[in-house]
Amino acid sequence: MNREQKLRNLILDNFQSLRQFAIEADIPYSTLMTLLSRDIGGASFDVIIKICTHLNVDPMEFSKKEN
């Protein structure tokens, strides 16, 4: 499972939908969908911090790419 799949699962385990998470985290839904469909590595630091803060996870958890 890659980083994006892990993040999607983590969000859906804690929120009713991706859209609900985006609203509560104050992140544009389109930005969240782009991150989940492409690569977290291209996201801005601020967006990653917002995501991790709302999920109560360490940002370093998503810092390493997996094959």
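Let me begin by describing the structure that accompanies this report. (Residues numbered from 1 in each chain as written. Predicted model: local features only at pLDDT ≥ 70, side-chain atom pairs only at ≥ 80, totals over all residues. Heavy atoms only, no water.)

1. Some thoughts on unusual backbone geometry
And step 1. Within the chain, Asp26 stands out as a residue other than glycine whose phi angle is a positive 60 degrees.
And step 2. Structurally, Asp26 can be placed in the loop between helix H2 (18–25) and helix H3 (29–37).
And step 3. The class of Asp26 is exposed, set by a relative accessible area of 58%.
And step 4. With phi around 55 degrees, Asn56 is a residue other than glycine that occupies positive phi space.
And step 5. Relative to the assigned elements, Asn56 resides in the segment after helix H4 (45–55).
And step 6. For Asn56, a relative accessible area of 72% corresponds to the exposed category. (Helix = DSSP H or I, 4+ residues; strand = E, 2+ residues; numbered from the N terminus. Buried < 20%, exposed > 50% of the residue type's maximum accessible area, 1.4 Å probe, protein only.)

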